[in-house]
Amino acid sequence: MFIFINFVLLFVVVYGDSVPACSAPVARLNDGHLMPRFGFGTWLGLDKYQLPVPVDGEAVQLAVLAAIDAGYRHIDTASIYDDEDQVGRAVNQKIADGAVKREDMFITTKLWNDRHASAAVVAALQESLQRLNLTYVDLFLIHWPFATETKNIRPYADIDYLETWRGMVEAKRLGLASSIGVCNFNLTQLRRLWDSHELKPAVLQVETNLNQQQPELRQFCHSRGVQVVGYTPFGSLFPDRAAPDAPPPRADDPQLLAIADRHNKTVPQVVLRYLFELGVTPIPKSVTKSRIEQNRDIFDFSLDEFDRQQLRSYHTGHRVVDLKIFSDANHYPF
């Protein structure tokens, strides 16, 4: 059902004069902070063989610079991405240039699996902040609900994510993170966390695209004022990145092309707009300036119910990112 709780949307410009006129709206999180409803991802993803796409030189730094120039104010990174330093250099360069102020920006980073002990969380965030060269992040997320003893896949650590959450709460109390949340939790895990602590997660970040539209998680979150951020928003749209067993559609799908043509937009723009209208905050990634600019150009049109029915029909539950290498872990979410 196409419903989004309007009270979480504030169609006000809270940023400086440097933001283009067609500015992304913001959502008020359940802790009172504001989050831009469109973001820029810096994880370069997995290739068709499920191998991480490596960070190449200063590509991420240049991409973040281009994103800020294009009007993005929400930037997503993580300690495991190995690009926090590049994100930090770009953000601080734009602050030094006077293009933005720190309070204009919304920076997210994430806790990796090897720092799940409650006593380790604050130190892990402090290390991220050092790499970012920032004094705080706007959002700090538990990256996965399971724990490992090292950055490697094995061995696992017997640490409940409820313990990890206590460390996240302490990071927020210390002012190192304005808001806290989780990433890649399933509905059972999210409900358990919700019921366990007075301080609730402000954000859930999960894979969200045409094949994986997350209807149950979205309903749970929207009914409780938890914002949903969607990574891998293009899913298997591009043939050169799609796994051999990935279901349709691809970017050349006739139905998608017809919708895009009616709105004078590209297929990726239609997909991003659809996710946005579902109440999801998409965080597309690109290292190409023209695509960075194009991805953000989704706020001057709306989809109709015919469009939404067609786009809804592509939901199959297929995941691009399932990390089955962790499938034997306690608290593996999928």
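Residues numbered from 1 in each chain as written. Predicted model: local features only at pLDDT ≥ 70, side-chain atom pairs only at ≥ 80, totals over all residues. Heavy atoms only, no water.

A. Summary view of the packing of aromatic side chains. In the structure shown here, the tally under the stated rule is 13 aromatic pairs. With a centroid separation of 5.4 Å and 65° between ring planes, the pair formed by Phe 234 and Phe 238 is classed as edge-to-face. Site record: aromatic cluster; members linked through ring pairs are Phe 38, Phe 40, Tyr 72, Phe 276 and Phe 299. The aromatic ring of Tyr 136 is capped on one face by Arg 102, whose charged end is 4.0 Å from the ring centroid. Above the face of the Phe 301 ring, Arg 273 is positioned so that its terminal group lies 5.9 Å from the ring centre. (Phe/Tyr/Trp six-rings, centres within 6.5 Å; stacked < 30°, edge-to-face > 60°. Lys NZ or Arg CZ within 6 Å of the ring centre and 35° of its normal.)

B. Here's a closer look at helix H7 (residues 254–263). Turning to H7, its buried residues number three or more, namely Leu 256, Ile 259, Ala 260 and His 263. One side of H7 holds all its buried residues, which, seen down the axis, span an arc of 95°. Residues Pro 254 and Asp 261 are exposed on H7 and point more than 90 degrees away from its buried face. Buried residues belonging to H7 abut helix H8 (267–277) and helix H10 (305–312). Capping of H7 at its N-terminal end is provided by Asp 253; its side-chain oxygen lies 2.9 Å from the backbone amide nitrogen of Gln 255. After H7 finishes, the residue Asn 264 shows a positive phi value of roughly 55°. (Buried < 20%, exposed > 50% of the residue type's maximum accessible area, 1.4 Å probe, protein only. Helix = DSSP H or I, 4+ residues; strand = E, 2+ residues; numbered from the N terminus. Arc of directions from axis to C-beta. Contact = heavy atoms within 4.5 Å. Polar contact = N/O pair within 3.5 Å; in protein donor to acceptor, adjacent residues only side chain to side chain.)

C. Fine view of the nonpolar core. Core analysis: the largest hydrophobic core is formed by 73 residues, its most contacted members being Val 64, Phe 140, Leu 204 and Leu 311. Apart from the residues within four sequence positions on either side, Phe 140 is in contact with Thr 109, Lys 110, Leu 111, Val 121, Leu 125, Met 168, Ala 171, Ala 177, Ser 179, Ile 180 and Gly 181. Residues Leu 29, Leu 139, Cys 183 and Val 321 belong to the second largest nonpolar core, which totals 20 residues. (Core = buried A, V, L, I, M, F, W, Y, C linked by side-chain atoms within 4.5 Å.)

D. Structural detail: the side chain of His 74. Mapped onto the elements of the fold, His 74 is located in strand S5 (residues 74–76). Here Pro 36 takes part through its backbone oxygen, which lies 3.0 Å from a polar atom of the side chain of His 74. For His 74, the contacting residues outside a window of four places in its chain are Met 35, Pro 36, Phe 38, Gly 39, Phe 40, Phe 106, Thr 108, Thr 281 and Ile 283.

None of this, on its own, says anything about what the molecule does.
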